[in-house]
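Structural overview for review
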Amino acid sequence: MFRSSRQHGLSAMTTLFIISILLSVSAQRPAQPAYAETSSSITIVNIIDTSQWHPSSPDPRGITYWLKHDTLMVADSEVDETPIFTNGVNVWETTRAGEVSQTHTTMPFSKEPVAIDIAYDPTSGHFFISDDGKKLIFEVDIGGDERLGTGDDVTRSFSTLNFGSDDPEGLAYGLGKLFVSDGGGKKVYILDPGNDGIFTGEGDDTVKSFDTSVFGQHNPEGVDVDPDTQLLYIVSKRAKPQKVTVTTLDGTFVKDIDITALNPVAPSDVTVAPNSKDSSIKSLYITDRGVDNNIDPNENDGKIYEILLEEGASPDAPTGLSATAGDQQVRLSWNAVSDATSYNIKRSAVSGGPYDAIATATNTSYTDTGLNNGTTYYYVVTAQNSAGESGNSNEASATPQTSQTGNLLINGSFEQDSNGDGSPDSWSKNSHFTRSNQIAAIDGSYVGRFYATGNINVTTKQAISTSAAPTTVSCQVNIPATSDSFTFRIQVQWRDSANTRIRTDTIKTYSDDTAGNWDQALRSLDAPTGTAKALVLLKASSLDNTTIYVDSCSLTQ
């Protein structure tokens, strides 16, 4: 719930509206296509002529679907600048077929609503309205009358400049996040409200962004999120060719939907909603502002196109699945699939399956916890999108093992090699780093061994979850006599919860041999604030007929 100077509490309604505002300039409108199937790329389901509404909407700028009412909400950014503006109406609520059921207004706080979006929340009913002139986003509790712009509304606002957006044009709410498209900045910003649940664009909010110009969307005016498929839909009047671009929530390209057959003048927003003729399937509803009233103050040519949302093809199977054992856990990672929106992780007690689904992930890694040490687990991963599920990835297996007491590193003494390939479990694989028993170990029977010729660089690493606390890192190093010029470093790289590097600390650097004796690299550190992960790196550079042994590595807090 947000804070307000009003004395009464917020409404317990079930809907969240998102509206944004922009002025656009466009050219003359070409002839419109008939109501019919177009090219193989799209199928037109319906065309709504907003000039026929009473009152009319000459510049339909934003559109969204209101699940609670099963209606479309359409905002007009410039109707107040035209002679047909009456009664303060600048938001229309219609059936999915385009028949007006009631009207709304944003005039008490914003004269030019650009885009409108709604999120369904069973505990609150709020509008989010952005104004690109004021560079504000308004949050409005619409009150018990379920009407926008009436006396029981409660309103607050925050500046988009807080997160660097100077031209907020489109808005979408989904999966607890707010997506803001910035036309001038050619970006989509992603706002997470933090622990207090209040969007401000600063403070405990987490803000990320991605560039839309790389997709040919040079002025992203409209954006919508489909929480079912976890996909974003982005539209712009300046796209060449005219298209809707589909991405994942973090901005990974999925596909383009060609809309040139619609012959639109100024596409301005898009929303995903049930089909107007068959609610069991989905459509894309796209607003087209047509001729700008700055060119013709009497223009009244707005349109809304409904096109069938084609399901497309299911994604390819993921590749490169690897499994790394830990203490009662296995860490999995795999290569991204371009058109996947999520991944299904599956596990079996025997090689080859059958596999049971255990989790779903939206990124390309997952940690399976609560496992039995000493038991081997077998995994596959599949990719998922709105069209279906892929086949299985390659199989990967790992055997969790008990870690050293107090040591956050797994297999810090390099004793474990569950599949017998010579690579110590839990450390990243490199053909020049293997487990060895050729010298006396500090702990157990084995050590880690770096060896290469030809001035080769070799790195192995291990990531562990840790907090910002005093930390001691230790590792035993043994480098037999050599005339080679090399460098060996033991480092810790601190990362935050978003896996962004904060700082890298070097524990010790070796550029000469230790005459075959064990030497302890030891350093106590204060982990930086915000640390969620530590990446321990063992890095050998320019190895040419040089051997480096390591043993008894630990990270303790």
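Residues numbered from 1 in each chain as written. Predicted model: local features only at pLDDT ≥ 70, side-chain atom pairs only at ≥ 80, totals over all residues. Heavy atoms only, no water.

Direction of pairing for strand E22 (residues 322–325) relative to strand E23 (residues 329–333): antiparallel, over a ladder of 4 bridges. Bridging from a neighbouring strand, threonine 324 pairs with arginine 331 of E23. Counting the residues between successive antiparallel strands, the hairpin from E22 to E23 contains 3 residues, one of them, glutamine 328, with a positive phi of roughly 60 degrees. (Pairing = 2+ DSSP bridges. Helix = DSSP H or I, 4+ residues; strand = E, 2+ residues; numbered from the N terminus.)

Turning to the confidence of the model for the chain, a few remarks are in order. For the chain, mean pLDDT is 85; residues scoring 70 or higher make up 89% of the total. Contacts for the low-pLDDT stretch residues 119–123, under 50 throughout, to residues beyond four places or in other chains number 16 contacts. (pLDDT = per-residue confidence, 0-100. Contact = heavy atoms within 4.5 Å.)

This paragraph deals with the state of the cysteines. Scanning all chains against the criterion turns up 1 disulfide. Between the sulfur of cysteine 475 and that of cysteine 553 lies a disulfide, 1.9 Å long from S to S. Of this pair, cysteine 475 sits in strand E33 (residues 470–478) while cysteine 553 sits in strand E38 (residues 546–556), and the two are 78 residues apart along the sequence. With respect to burial, cysteine 475 and cysteine 553 carry one shared label: buried. (Disulfide = S-S within 2.5 Å. Buried < 20%, exposed > 50% of the residue type's maximum accessible area, 1.4 Å probe, protein only.)

Attention shifts here to the side chain of serine 236. The topology assignment puts serine 236 in the loop between strand E16 (231–235) and strand E17 (243–248). Given a relative accessible area of 1%, serine 236 falls into the buried group. At 2.7 Å, the side chain of serine 236 forms a polar contact with the backbone oxygen of asparagine 219. Beyond its immediate chain neighbours, meaning those up to four positions away, serine 236 contacts Gln217, His218, Asn219, Pro220, Glu221 and Pro267. (Polar contact = N/O pair within 3.5 Å; in protein donor to acceptor, adjacent residues only side chain to side chain.)

Okay, the pattern of salt bridges next. For the structure on display, the rule yields 17 salt bridges. Two residues, arginine 289 and aspartate 59, come together in a salt bridge whose shortest N-O distance is 3.6 Å. Of the two residues, arginine 289 is situated in the loop between strand E20 (282–288) and strand E21 (303–308) and aspartate 59 in the loop between strand E2 (44–49) and strand E3 (60–66); the sequence distance between them amounts to 230 residues. When sorted by exposure, arginine 289 lands in the same class as aspartate 59, which is buried. The shortest N-O distance in the salt bridge between arginine 96 and aspartate 70 comes to 2.9 Å. (Salt bridge = Lys/Arg side-chain N within 4 Å of Asp/Glu carboxyl O.)

Attention now moves to the environment of threonine 86. Residue placement: threonine 86 occurs in the loop between strand E4 (71–76) and strand E5 (91–94). In this structure the C-alpha to C-alpha distance between threonine 86 and proline 55, which are 31 residues apart in sequence, comes to 7.2 Å.

Bringing the nonpolar core into the picture now. Ranked by internal contacts, the top residues of the largest apolar core, which has 31 residues, are Phe450, Phe488, Ile548 and Val550. If you list the elements that add at least two residues to this core, you get strand E31 (447–452), strand E32 (456–465), E33, strand E34 (487–495), strand E35 (501–510), strand E36 (518–526), strand E37 (533–543) and E38. Per-element tally for this core: the top contributor is E37, with 5 residues. Setting aside residues up to four positions removed in sequence, isoleucine 548 forms contacts with Gly448, Arg449, Phe450, Val477, Asn478, Ile479, Phe486, Phe488, Ala540 and Leu543. (Core = buried A, V, L, I, M, F, W, Y, C linked by side-chain atoms within 4.5 Å.)

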